[in-house]
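Working through the structure, step by step
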Amino acid sequence: MPLTAQATLLRATRLRPGEVLLWLLAFAAPLALPTHALLVSEIAITALFAVSLDLILGYTGIVSLGHAAFFGTGAYTAALCAKLWLPDPLLGLALALAVSALLGAVCSLTVLRGSDLTRLMVTLGMALILLELANKLDGLTGGADGLQGVIMGPLLGRFAFDLNGRTAAYYALCVALLLMLLLRRLVHSPLGATLKAVRDNRLRAMAIGVPVSARIALIYTVAAGVAGVAGGLLAQTTGFASLDLFAFDRSADLMLMLVIGGTGWLYGGVAGAVAFKLMQDWISAITPQYWTFWMGLFLVLLVLLGRERLLKPWIGWSRRKP
Amino acid sequence: MNAVLQAQGLVMRFGGITATHNVTLNLAPGARHALIGPNGAGKTTLINLLTGVLQPSAGRIVLEGRDITRLAPHQRVQRGLVRTFQINQLFDSLTPLQTLALAVSRQRGLGARAWQALGRDRGVAARCEQLLAQFHLDEVMNQPTHVLAYGKRRLLEIALALACEPRVLLLDEPVAGVPAGEREELLQTVADLPAEVSVLLIEHDMDLVFRFAQRMTVLVNGAVLTEGTPEQIAQDPQVKAVYLGQGDAGASHG
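Numbering of residues starts from 1 in each chain and follows the order in which that chain's sequence is written. Chain letters start at A and ligand numbers start at 1, both assigned in the order the entries are written. This being a predicted model, a pLDDT of at least 70 is required before a residue's local features are given, and a value of 80 or more before pairs of side-chain atoms are given or counted; all residues contribute to the totals for chains, interfaces and linings.

**Digging into the sheet that holds strand β2 (residues 17-27) of chain B**
All names here are of chain B. Here, a strand pair is defined by DSSP locating no fewer than two bridges between the strands. Helix numbers and strand numbers start at the N terminus; a helix is a DSSP run of H or I with at least 4 residues, a strand a run of E with at least 2. One open sheet accounts for four strands, arranged β2-β1-β4-β5; its pairing is antiparallel. Two strands close off the open sheet at either side, each with one partner strand: β2 and β5 (66-67). As defined by bridge partners, strand β1 (residues 5-14) adjoins strand β4 (residues 58-63) across five bridges and the pair is classed as antiparallel. Counterpart to Q6 in the pairing with β4 is V62. Contact criterion: two residues are in contact if their C-beta atoms, reconstructed from the backbone, are within 7 Å. Every axis in this analysis is a line fitted to C-alpha atoms, fitted for helices over the stretch in contact. Angles between the N-to-C directions lie between 0 and 180 degrees. Running over the sheet, helix α1 (residues 43-51) touches β1, β2 and β4 and is turned about 65° from β2.

**Points about the domain arrangement of chain A**
Residues and elements named next belong to chain A. Just so you know, the domain bounds were taken from an automatic or database domain assignment. Each assigned domain of chain A is listed here: domain 1 (18-286) and domain 2 (287-322). For domain 1 versus domain 2, the distance between C-alpha centres works out to 26 Å. Taken together, the contact between domain 1 and domain 2 spans nine residues of the former and nine residues of the latter. Those elements giving two or more residues to the side of domain 1 that touches domain 2 turn out to be α12 (248-261) and α13 (267-286). Residue composition of the side of domain 1 that touches domain 2, by class: six nonpolar, three polar and no charged. In this count, Pro and Cys sit with the nonpolar residues alongside Ala, Val, Leu, Ile, Met, Phe, Trp and Tyr, while Asp, Glu, Lys and Arg are called charged and the others, Gly among them, polar.

**Examining the interface of chain B and chain A**
Each side of the interface is counted separately: chain B has 38 residues, and chain A has 28 residues. For the side of chain B that touches chain A, the elements supplying multiple residues, two or more each, are α2 (73-78), α3 (96-107) and α4 (122-134) of chain B. The greatest single-element share of the side of chain B that touches chain A, amounting to eight residues, is contributed by α3 of chain B. Class assignment for the residues of the side of chain B that touches chain A results in 19 nonpolar, eleven polar and eight charged.

**Some thoughts on helix α3 (residues 37-60) of chain A**
Residue and element names in this part refer to chain A. The span one expects for a helix is its residue count, reduced by one, times 1.5 Å. Between the first and last C-alpha of α3 there are 34 Å, a value that for 24 residues agrees with the 34 Å anticipated at 1.5 Å per step. Most of α3 is tucked away: 22 of the 24 residues are buried. At the exit of α3 stands G61, carrying a positive phi of roughly 75°. With C-beta atoms placed from the backbone, a residue is buried if 20 or more other C-beta atoms are within 10 Å of its own, exposed if 12 or fewer are, and partly exposed between those counts.

**Considering helix α11 (residues 212-238) of chain A**
Residues and elements named next belong to chain A. Look at α11: 39 Å from first C-alpha to last across 27 residues, which is about the 39 Å you get at 1.5 Å a residue. The element α11 is largely enclosed, with a buried count of 23 among its 27 residues. Remark: G239 follows α11 within two positions and exhibits a positive phi of approximately 65°.

**Some details on the domain arrangement of chain B**
Residue and element names in this part refer to chain B. Domain annotation of chain B identifies domain 1 (1-80 + 166-254) and domain 2 (90-165). Here the side of domain 1 that touches domain 2 gets four residues from one element, more than from any other, and that element is helix α6 (residues 180-191). Partitioning the side of domain 1 that touches domain 2 into residue classes produces seven nonpolar, two polar and two charged.

**Things to note about unusual backbone geometry**
Residues and elements named next belong to chain B. One non-glycine residue, N22, lies in positive phi territory at about 55°. Tracing the backbone shows N22 in strand β2. Here N22 falls in the partly exposed class, since 14 other C-beta atoms lie within 10 Å of it. Backbone geometry places E173, a non-glycine residue, at a positive phi of 45°. Within the secondary structure layout, E173 lies in the loop between β7 (168-172) and α6. When the 22 C-beta atoms within 10 Å are taken as the criterion, E173 is described as buried.

**Points about the sheet that holds strand β10 (residues 223-228) of chain B**
All names here are of chain B. Strand order in the open sheet formed by six strands is β6-β7-β8-β3-β9-β10, with mixed pairing between adjacent strands. Both outer strands of the open sheet, β6 (81-83) and β10, are each paired with one neighbouring strand and no more. Put simply, the sheet's adjacent strands are angled 20° from each other on average, direction ignored. Pairing of strand β9 (residues 215-220) with β10, which is carried by five bridges, proceeds in the antiparallel orientation. Across the sheet, residue L219 finds its bridge partner in β10, namely V224. Across the sheet, α1 lies against β3 (32-36), β6, β7, β8 (198-202) and β9, angled at about 150° from β7, the strand it touches most.

**Quick look at the nonpolar core**
Judged by nonpolar contacts, the single largest core of 172 residues is most densely connected at L100 and A159 of chain B. Among the elements that line this core, the one with the most residues is α3 of chain A, at 15 residues. Once you skip the residues sitting within four places of it in the chain, A159 of chain B turns out to touch L100, L131, F135 and L137 of chain B. Joined through C-beta atoms within 7 Å, a set of buried Ala, Val, Leu, Ile, Met, Phe, Trp, Tyr and Cys residues constitutes a nonpolar core.

Rendered as structure tokens:
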């Protein structure tokens, strides 16, 4: 054996140069491109949201078309916290985490059984129910007008949210980085390995003593909490929460990001979110009306050609996958 | 009664069909016990009852003096009742090393640990190395399972069960479908299983059964036809009539 088993196992958990570079670039971006600070925070938030879907899709194999349910719940929680109680951002974020994780724990009961198709329907339905609730409870949520006039207090009592969005960008980046580091640990732990076992073969996972249902419920709860934080960040940095936070296309776009970036390695969500948001920003600047056409074309090509060959056309058209 | 695993009067009905008919089976400590029977004899149903995939209509299952009839499959595994599968059930995207590390971690009560890296525990890594060597998987320990040769996957199938430190191991046709060249390696590892583990072997391959088993139970139409030593079974005219006479060794069981 060239390496001992322990060294081999631990090598997989090491921080890679690419990861460090990615985060350095991300943290440099608001300074280097001050006019795009808002885009940076939007990308960071979307990336965090995509990573949360990867936790259930990529690590446990649970499909969802309603992940926006938790995003929206987190957003409204954070916005209401600021509006009705205290405008402290971190308090609002903690509350968003708690409420959406709780909702996730309850909803996890609906994804334990059934096939992928039933899960798609159940998760979609859950998001629609919440959308309608936010619509009807207009006394609290502002209904179809959205929750406006959310004024956030300064971060840590010192850094006020400025108009060009630099504080917001660093706030979103820091929260995203912190959660990524935590989730990275989680997926490389024995617990994370049992999740992959559940994804690869549920029958065998059970046959080696993994409590499959408990694991699915756990990761669904965690993923919901992370999605809630992403939603909370969006509401806090934009000062606004509206019904489209729960909308179907938000959940569907998220799936597309994971299709672009790949599932089951956390950074697929990040890569997908960055690519998706940059393309959206870039194409819609060129052709505001038809950007979805180009987006669609890109996705069709991606699926037909495969991610490898589209992104690295120089590595052999001749070599076929086994 | 000092049996490790006891099945007492197990009955399984699916609607009007009785698939398992009052089956009683005792597995002695360290047993090498074979369960044979023609297609449709109810062997698979019996395994599913023992491992908890199915709940019996009547009867009890006792593991080391404890009634486990109502326990979920994963709880039975945690108490030492582990099975392998006739058709490989592995974690395709993981490597053999990761597969074993996860099972060993789970077995040592580290399966819910979210902080430590997989393999940080020195004992887990050491046990993995041991298993990899024992099952001739050390050469391929870093290849994803789905690219491994069939014989290697078959070995991993058993290694994974053994990583759960079973008290009782149910081997479901361990050599099914293994090409001749890889067969001997597999037969040898089955023969070399730790003596303290009680093994119930479900098998069609008579070579393996007679080479391995000290006791045999013959299942026909969901009921126990007879039980005895391999010599007794080989001489039994009833068995010859219903089972050996058909000469379908190597076929899959139903």
